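For reference, the chains in residue letters:
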Amino acid sequence: MTGGPMRWAAGIVLALGAGVGSAIGGPVWTSFGQWSSGGLEWLVWLMALLFYGIPGLVITGVLATAFLRLGLVGERDAIMTRMALGEQRGDIVRAAARAGTRAGLIASAVGVPVGMVIAQVTDTGALMSSRNFPDDPSLQWGAIAWSVAVAAGFTAVGAVVHAIAFAAVTRGTPDAMAAASAAGTEVPHSPVEPVKRWHRAARAVPVVAFVLGMGVVVLNRAVPLDAWAMEHLSPAGWLMVTKNIGLMVAVVAAVWVAYHLLGWAAQRLVRVASAILGRGDATGGRAFAADGLARPTETRRRSLAVTGVIMTLWVWAIAASGAEEAELNAGLALDADAIVTSVDPWSGSGVPSGLTQFGLDQAVIDALTTNPDLRVIPARMLIEEPGLVYFDDGVTSEELDFQELSLAVERKDADAVAPDAYRTLGLAAGVRLTGRDSEYLRDFEWASINCCTEGVGEIDTWVGGTPIYSVWSHAPMPTVDGAWARDIWGDAPVSALLVFGAGEPDEQFGMPRSSVIAAVEEAVPEGSGFVLTADATTGWISYTNDALAMIIGVFGAVVAVVLSAGVASASTRSRRRELATFAALGASPRSLRAAPVWEAVVVSGAAVLAGTVVGAATAVTLGNPFLLTPGAPFDLSEIAWHMGRDLAAVPWVIVLAGAVVVMSASAVVAWLLGRGMASGTPVDELRAADREGVR
């Protein structure tokens with residue numbers, strides 16, 4: 001089994017996929033689960049396989065195959081010789097599959113435990129478990145079974161990708177393989193045996209899949225298919241599963257499109273750079289590098305595409321982490337020490353719906369807004385029609401009367417205290433931010449139900465059902481846009497105040513400052529309002545939940561470095577005979593050392609630049625709450641603002657540092673090889689080129 005550094009890169013990709021897949025399954029010891037009964041276990045597994053499992057295996061397999069194909073470029077002459085001496089293609093492919101199985105086992109043995117540890121540390125919920133009860137931690141056999149399935153899946157992927165890679169490089173006769181090796185291309189299909197019809201159809205499959213997948217994405221954006229199916233179909237599950245299959249196809253096809261797009265874009269960048277590189281340096285290293293770069297090869301196209309894909313994933317993970325950090329900071333800026341309301345939020349029922357006309361006493365408003373030690377955001381309470389909810393906490397079961405409530409806040413009022421915080425969280429016309437109301441409405445059972453409603457829904461009031469799109473957030477209470485609410489329910493007096501201390505927000509949610517509480521209690525005499533505060537004993541520090549992004553970032557950076565170094569090595573070795581000829585014709589050792597470095601820097605730089613652009617564009621597109629989210633209001637101004645905010649939140653210093661590391665790794669490898677070539681005689685280098693099969 002051969003493949004050199006690229007085989008290690010393929011193994012790292014497999015380990016990355018296994019780690020991400022294992023982490024998705026959730027912790028193996030927890031009380032926080034997604035389902036309370038076992039009847040839907042099969043559906044959870046089906047959805048996870050369709051939306052996470054199969055796309056993850058396919059994407060990882062494609063990348064690992066590309067790495068192996070790159071690593072086998074320099075091995076084609078050796079393989080050709082083995083086949084010319086009588087070794088059968090089937091034997092070579094089967095041996096590769098066995099080696100791939102071992103590689104998959106090793107990758108799973110490394111990645112799965114790491115993913116399980118990350119899932120346990122973050123404890124974000126046991127997706128693959130179905131029997132979880134509050135305050136009753138238990139061993140989650142579903143999560144364990146999922147990790148075992150992940151390990152088996154990536155072991156199989158290791159075998160398949162190795163078999164595919166060796167099957168590709170052993171296609172054709174030894175003479176055809178030799179011609180392809182000399183030209184740096186693929187072995188063509190025999191003209192005697194024309195391409196079969198199913199081959200032509202297979203080539204069109206990715207294009208058709210991409211078009212169909214994007215069609216599902218657009219349709220689901222315009223008409224949320226899950227909500228539509230629940231309302232109009234019985235049973236609704238078949239459409240929901242079909243939609244998820246379409247989204248899976250869209251993800252896989254998008255990777256295929258990105259691979260070819262990045263290869264094309266990076267090649268154009270290389271072509272431009274090679275035209276500039278050789279100017280004013282007729283016989284130096286830059287001219288030699290430009291001469292090699294001007295001759296496109298299939299190997300370079302693939303290396304550019306694969307490096308670009310890896311950089312895209314890495315930059316996307318870093319950018320997504322930066323956007324999540326910005327949202328977390330916005331939530332902390334809105335972490336009110338106290339909320340004063342004119343309506344009893346614990347009443348359960350009996351309050352007229354709509355924007356309440358029971359305003360706070362002006363004396364209370366003046367006392368709080370004029371206090372120099374306080375900052376205040378005015379709001380209006382939006383009350384929904386009474387309803388019933390069946391509540392079961394495992395001890396008691398009862399039907400509860402409740403009225404959901406939200407705060408109607410105008411962004412311009414909030415910006416005086418926390419600039420753009422509500423907008424960062426996604427507040428806009430027709431949007432309701434979910435909140436941490438269970439922390440402020442303690443011991444009130446339905447609060448935990450209201451806080452977690454997301455997606456398409458309605459606000460039921462005296463005007464009827466008003467469509468609303470709910471977005472999860474760290475806002476203190478469920479919140480809607482004040483101007484939008486007043487357009488629908490009419491004007492209303494200020495009926496709530498969010499009160500903050502004068503200092504900067506801390507890094508901990510739910511820890512009200514005693515000085516603020518004392519000032520609020522003094523300003524709000526008994527009977528003139530209700531004061532809500534988070535329990536000081538339940539304060540919690542929130543970190544960005546970017547565990548998977550960290551996995552992708554760390555492993556992606558390692559893969560990018562290994563790949564760029566491997567590509568530089570392969571590129572430099574492929575020009576050994578040519579550089580030896582230049583040396584024989586009188587080229588200086590300095591120019592021979594510099595040529596591989598310039599070539600490596602241009603190739604890796606083009607891939608890094610293309611990958612960075614596509615990665616950042618992917619992050620701001622997928623992370624935008626209004627662009628592709630099913631059912632969200634389509635507001636071009638909000639879409640553009642969030643794209644700009646997400647770009648500004650990208651930690652560009654980290655991105656730049658990663659780009660420098662990748663380019664430096666390729667430059668160092670190329671310099672070391674170039675120095676070795678320059679130190680030898682032309683005859684020695686020509687002999688080395690013959691041994692390595694360089695034509």
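1. Examining the side chain of Asp 481
Stage number 1. Take Asp 481: it is sitting in strand E12 (residues 479–481).
Stage number 2. As a buried residue without a salt bridge, Asp 481 has its nearest oppositely charged side chain in Arg 411, at a separation of 4.9 Å.
Stage number 3. Separated by 3.5 Å, the side chain of Asp 481 and the backbone nitrogen of Ala 483 make a polar contact.
Stage number 4. Reaching out from Asp 481, the side chain makes a polar contact with the backbone nitrogen of Trp 484 at a distance of 3.0 Å.
Stage number 5. Setting aside anything within four residues of it in sequence, one finds Asp 481 in contact with Val 409, Arg 411, Leu 427, Ala 428, Ala 429 and Val 431.

2. Quick word on the packing of aromatic side chains
Stage number 1. Counting across every chain of the model gives 1 aromatic pair.
Stage number 2. Taken together, a centroid distance of 5.7 Å and an interplanar angle of 85 degrees make the contact between Trp 484 and Trp 489 edge-to-face.
Stage number 3. Residue classification places Trp 489 among the buried positions, given a relative accessible area of 5%.

3. A closer look at the pairing of strand E3 (residues 338–341)
Stage number 1. Of the two faces of E3, the one carrying Ala 338 and Val 340 and the one carrying Ile 339 and Thr 341 are both buried.
Stage number 2. Sheet analysis places E3 next to strand E13 (residues 496–501), joined by 4 bridges and oriented antiparallel. Among the inter-strand pairings, Thr 341 is bridged to a residue of E13, identified as Ala 496.
Stage number 3. Here E3 pairs with strand E14 (residues 530–532) via 3 bridges, running antiparallel. Among the inter-strand pairings, Ile 339 is bridged to a residue of E14, identified as Leu 532.

4. Concerning the packing of helix H12 (residues 362–369) against helix H18 (residues 514–523)
Stage number 1. Closest axis-to-axis distance for the H12/H18 pair is 9 Å, and the angle between their directions is 150 degrees. Comparing the axis directions of H12 and H18 gives the class roughly antiparallel. Judged by the sense of rotation from one axis to the other, the crossing of H12 with H18 is right-handed. For the pair formed by H12 and H18, the contact residues are Val 364, Ala 367 and Leu 368 on the first element and Ala 519, Val 520 and Ala 523 on the second.

5. Some details on the pattern of salt bridges
Stage number 1. In this structure the tally under the stated criterion is 12 salt bridges.
Stage number 2. Between Arg 486 and Glu 410 there is a salt bridge whose closest N-O contact spans 2.5 Å. Here Arg 486 is found in helix H17 (residues 482–489), whereas its partner Glu 410 is found in the loop between strand E8 (405–409) and helix H13 (411–415), with 76 residues between them in sequence.
Stage number 3. For Glu 410, a relative accessible area of 10% translates into the label buried.
Stage number 4. In this structure, the salt-bridge partner of Asp 413 is Lys 412, at a minimum N-O distance of 3.5 Å.
Stage number 5. When its relative accessible area of 59% is taken as the criterion, Lys 412 is described as exposed.
Stage number 6. Shared partners join several salt bridges into a network, and the residues in it are Glu 410, Lys 412, Asp 413, Arg 486 and Asp 491.

6. Let's talk about the pairing of strand E5 (residues 374–383)
When a strand is regular, its side chains alternate between the sheet's two faces.
Stage number 1. For E5, a buried count of 8 out of 10 residues is recorded, marking the element as mostly surrounded by other parts of the structure.
Stage number 2. Pairing analysis gives 6 bridges linking E5 to E13, with the strands arranged antiparallel. In the sheet register, Val 376 faces E13, and the bridge partner there is Val 499.
Stage number 3. Here E5 runs beside E8; their pairing, made up of 4 bridges, is antiparallel. Within the sheet, the bridge partner assigned to Ile 383 lies in E8 and is Leu 405.

7. Quick notes on the packing of helix H21 (residues 589–622) against helix H22 (residues 636–649)
Stage number 1. Their axes nearest at 9 Å, the elements H21 and H22 cross at an angle of 130 degrees. Between H21 and H22, the angle is such that the two are oblique. H22 is crossed by H21, and the crossing has right-handed handedness. Judged by residue contacts, Ala 616, Val 620 and Thr 621 of H21 engage Met 643, Asp 646 and Leu 647 from H22.
Stage number 2. Here the residues of the contact of H21 with H22 sort into 4 nonpolar, 1 polar and 1 charged.

8. A few points about a nonpolar patch on the surface
Stage number 1. A cluster of nonpolar side chains, namely Ile 54, Val 58 and Val 62, defines an oily patch on the protein surface of about 210 Å² accessible area.
Stage number 2. Within the secondary structure layout, Val 58 lies in helix H2 (residues 41–71).

9. Let's talk about the nonpolar core
Stage number 1. Counting 48 residues, the largest nonpolar core has Phe 67 and Leu 304 as its most contacted members.
Stage number 2. Examining the composition of this core, we find that 8 residues originate from one element, helix H5 (residues 141–169), more than from any other.

10. Considering unusual backbone geometry
Stage number 1. Of note, the phi angle at Asp 420 is positive, near 60 degrees, even though the residue is not glycine.
Stage number 2. Tracing the sequence through the fold places Asp 420 in the loop between H13 and helix H14 (421–425).
Stage number 3. By relative accessible area, Asp 420 is classed as partly exposed at 33%.

11. Here's the deal with the confidence of the model for the protein chain
Stage number 1. Residues of the protein chain with pLDDT of at least 70 account for 74%, and the chain-wide mean is 78.
Stage number 2. Averaged pLDDT values for the elements of the protein chain fall to 44 in helix H16 (residues 447–450) and rise to 95 in H17.
Stage number 3. With pLDDT under 50 throughout, residues 537–545 is counted as low confidence; its partners more than four residues away or in other chains account for 23 contacts.

12. Quick look at the environment of Pro 525
Stage number 1. Within the secondary structure, Pro 525 sits in the loop between H18 and E14.
Stage number 2. Residues Pro 525 and Val 364 lie 161 residues apart in sequence; the distance between their C-alpha atoms is 8.4 Å.

13. Section: the environment of Trp 314
Stage number 1. Tracing the backbone shows Trp 314 in helix H11 (residues 298–333).
Stage number 2. Judged by its relative accessible area of 7%, Trp 314 falls in the buried class.
Stage number 3. Sequence separation of Trp 314 and Val 655 is 341 residues, and the distance between their C-alpha atoms is 8.7 Å.

Analysis parameters
- As a convention, each chain's residues are numbered from 1 in the sequence order in which they are written.
- Where totals are concerned, whole chains, interfaces and linings use all residues; where local detail is concerned, this predicted model gives features only for residues with pLDDT of at least 70, and gives and counts side-chain atom pairs only at 80 or more.
- Values shown for side chains rest on all heavy atoms present in the structure; no hydrogens or waters enter the calculation.
- The way it works is that DSSP assigns letters per residue, a run of H or I at least four long becomes a helix, a run of E at least two long becomes a strand, and they are numbered from the N terminus.
- Classification of residues uses two cut-offs on accessible area relative to the type maximum, computed with a 1.4 Å probe and protein chains only: under 20% is buried, over 50% is exposed, and between them is partly exposed.
- None of His or the chain ends enter the tally, which takes Lys and Arg as positive and Asp and Glu as negative.
- A carboxyl oxygen of Asp or Glu within 4 Å of a side-chain nitrogen of Lys or Arg is what we treat as a salt bridge.
- Any N or O atom pair separated by 3.5 Å or less is treated as a polar contact, with the protein-specific requirement of one donor-capable and one acceptor-capable atom, and with residues adjacent in sequence counted only for side-chain atom pairs.
- Every residue pair with non-hydrogen atoms within 4.5 Å of one another is taken to be in contact.
- In this scheme Phe, Tyr and Trp rings, the latter by its six-membered ring, pair at centre separations within 6.5 Å, and the angle between planes marks the pair as stacked below 30 degrees, edge-to-face above 60, and tilted otherwise.
- Note: two strands are recorded as paired if DSSP finds a minimum of 2 bridges between them.
- With axes taken as lines fitted to C-alpha atoms, and helix axes fitted only over the stretch in contact, angles between N-to-C directions fall between 0 and 180 degrees.
- Relative orientations are named as follows: roughly parallel for angles under 35 degrees, roughly antiparallel for angles over 145 degrees, roughly perpendicular for angles from 65 to 115 degrees, and oblique for any other angle.
- With the far helix as reference, a near helix turned anticlockwise by less than a right angle produces a left-handed crossing, and one turned clockwise produces a right-handed crossing.
- When residues are sorted by character, Ala, Val, Leu, Ile, Met, Phe, Trp, Tyr, Cys and Pro go into the nonpolar class, Asp, Glu, Lys and Arg into the charged class, and all the rest, Gly among them, into the polar class.
- Each patch is built from residues that are more than 30% exposed by relative accessible area and take part in no salt bridge. Like charges join if they lie within 9 Å; nonpolar side chains (Val, Leu, Ile, Met, Phe, Trp, Tyr) join within 5 Å.
- The method behind every accessible area is Shrake-Rupley, applied with a 1.4 Å probe, and residues are considered shielded solely by the protein chains displayed.
- Nonpolar core, defined: a set of buried Ala, Val, Leu, Ile, Met, Phe, Trp, Tyr and Cys residues in which side-chain atoms within 4.5 Å join the residues together.
- Confidence scores here are pLDDT values: one per residue, from the predictor, ranging 0 to 100.

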